[in-house]
Amino acid sequence: MITVKELYKSFGVLNVLNNINCTIKKGEIVAVIGPSGTGKSTFLRCLNFLEMPDRGIISLDGYTVDVEHCIKKDIYELREKSTMIFQNHSLFANKTVLENMTLPLIIARKMPKKEAQQIGEEILEKIGLYDKAKCYPSELSGGQQQRAGIGRAMALDRKIMLLDEPTSALDPELSGEVLELIRKLANTHDTTMVIVTHEMAFAERIADRIFYMNHGVIVEEGPARQLLSNPQKEETKKFLEYYRKVHRL
Ligand code: ADP
Ligand code: MG
């Protein structure tokens, strides 16, 4: 479903991705953990071509692109395969919650308004925001806004969801509802997810596999529980020990 081979990305003299290789199966959920500044966001952004990689091969849902030989059409095709959810929900501030669900369908998908409305309402039902359909984003809590952002990605029905620290801009008491929604989505839809997160407990609960990233490479990867409880590499052990100390676990 997602295959990445020899992916590299630099910003000037800074080598951020240094040969990333991975295969993620359809419907699989992968959590990416690691120190900040290691290239986790850059990795996700390269998968969506929000950032142009320097070289490598990226294959999403059967569409394969060799970065060094790709044309504009390839980039558009690959972008259509995934949606990205950021730390800060990116809702249209001057549109209602329902319009935020329906506009991408009406504009990007050219869907008739009525049909889009029906899908939008179904999604709002699923994410528990049906009663907020007519509200504007500023009238929602941070957690509700983030849920609406995820709802919009659900409306587009892309098979791959890339989530970059979806809860780190939220107060701890609000992050639970967002994590719950992501978990529900993971259980009920056939969506492949790559989630950059600092929430180890959540990663353990939801992810099939965890990638530990440092210095622009995947240092270690394995089944979630195994990687967290019995890491093989010294570096991974150190990171997890540090994390547990900081969070008093
Ligand atoms: P992470 O998500 O793991 O914290 P990032 O992928 O955001 O790490 O960043 C990796 C490194 O690349 C950092 O040193 C960051 O400063 C740098 N970086 C990220 N984006 C850019 C950019 N657009 N221009 C220059 N440097 C960048
Ligand atoms: Mg980041």
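A brief look at the structure comes next. Owing to the predicted nature of the structure, the values given are computational and were not obtained by experimental measurement.

1. Quick look at the layout of surface pockets
By volume, the largest pocket amounts to about 500 Å³. Lining of the largest pocket is provided by 22 residues; of these, Thr83, Met84, Arg152, Leu156 and Arg158 occupy positions nearest its centre. Within the residue set of the lining of the largest pocket, elements represented by two or more residues are helix 2 (72–79), strand 6 (82–85), helix 3 (97–107) and helix 5 (142–156). Partitioned by chemical class, the residues of the lining of the largest pocket number 11 nonpolar, seven polar and four charged. The computed volume of the second largest pocket comes to approximately 200 Å³. Every residue lining the second largest pocket is listed: Thr96, Leu98, Glu99, Thr102, Leu103, Ile106, Lys113, Gln117, Glu121, Tyr130, Ala133 and Lys134.

2. Notes on helix 6 (residues 172–188)
Given a rise of 1.5 Å per residue, 17 residues ought to cover 24 Å, and the 25 Å separating the end C-alpha atoms of helix 6 matches this to within 8%. Ser175, Val178, Leu179, Leu181, Ile182, Leu185 and Ala186 are the residues of helix 6 that are buried. Seen end-on, helix 6 carries its buried residues on one side only, within an arc spanning 155 degrees. With respect to the buried face of helix 6, the exposed residues turned more than 90 degrees away are Glu173, Asn187 and Thr188. Where helix 6 is buried, its residues meet strand 3 (29–33), helix 4 (113–126), helix 5, strand 7 (160–164), strand 8 (192–196) and helix 7 (200–206).

3. Topic: the packing of helix 3 against helix 5
The geometry of helix 3 relative to helix 5 is characterised by a closest axis approach of 9 Å and an angle of 30 degrees between their N-to-C directions. By the angle class used here, helix 3 and helix 5 are roughly parallel. As for how helix 3 packs across helix 5, the hand of that crossing is right-handed. For the pair helix 3 and helix 5, the contacting residues are Asn100, Met101, Pro104 and Leu105 in the first and Ala148, Gly151, Arg152, Ala155 and Leu156 in the second.

4. As for the site of ligand 1
Taken together, Phe11, Leu14, Val16, Pro35, Ser36, Gly37, Thr38, Gly39, Lys40, Ser41 and Thr42 form the complete shell of residues around ligand 1. In this structure, an oxygen atom belonging to ligand 1 sits 2.9 Å away from a side-chain N or O atom of Lys40. When ligand 1 is considered free in solution it has 560 Å² of accessible area, and contact with the protein chains removes 59% of it. Those elements that place two or more of their residues in the shell around ligand 1 are strand 2 (14–24) and helix 1 (40–47). By residue number, the principal contributor to the shell around ligand 1 is helix 1, which donates three residues.

Thresholds applied
Residues numbered from 1 in each chain as written. Chains lettered and ligands numbered in written order. Predicted model: local features only at pLDDT ≥ 70, side-chain atom pairs only at ≥ 80, totals over all residues. Heavy atoms only, no water. 1 Å grid on protein atoms, 1.4 Å probe; cavity = no way out; pocket = protein on both sides within 12 Å on 5 of 7 lines; lining within 4 Å. Points joined across faces, edges and corners; volume = space filled by probe spheres on them. Helix = DSSP H or I, 4+ residues; strand = E, 2+ residues; numbered from the N terminus. Nonpolar A, V, L, I, M, F, W, Y, C, P; charged D, E, K, R; others polar. Expected span 1.5 Å × (residues − 1). Buried < 20%, exposed > 50% of the residue type's maximum accessible area, 1.4 Å probe, protein only. Arc of directions from axis to C-beta. Contact = heavy atoms within 4.5 Å. Axes fitted to C-alpha atoms, helices over the stretch in contact; angles between N-to-C directions. Parallel < 35°, antiparallel > 145°, perpendicular 65-115°, else oblique. Left-handed = near helix turned anticlockwise from the far one by under 90°. Near = heavy atom within 4 Å. Polar contact = N/O pair within 3.5 Å; in protein donor to acceptor, adjacent residues only side chain to side chain. Areas by Shrake-Rupley, 256 points an atom, 1.4 Å probe, with all protein chains shown as cover.

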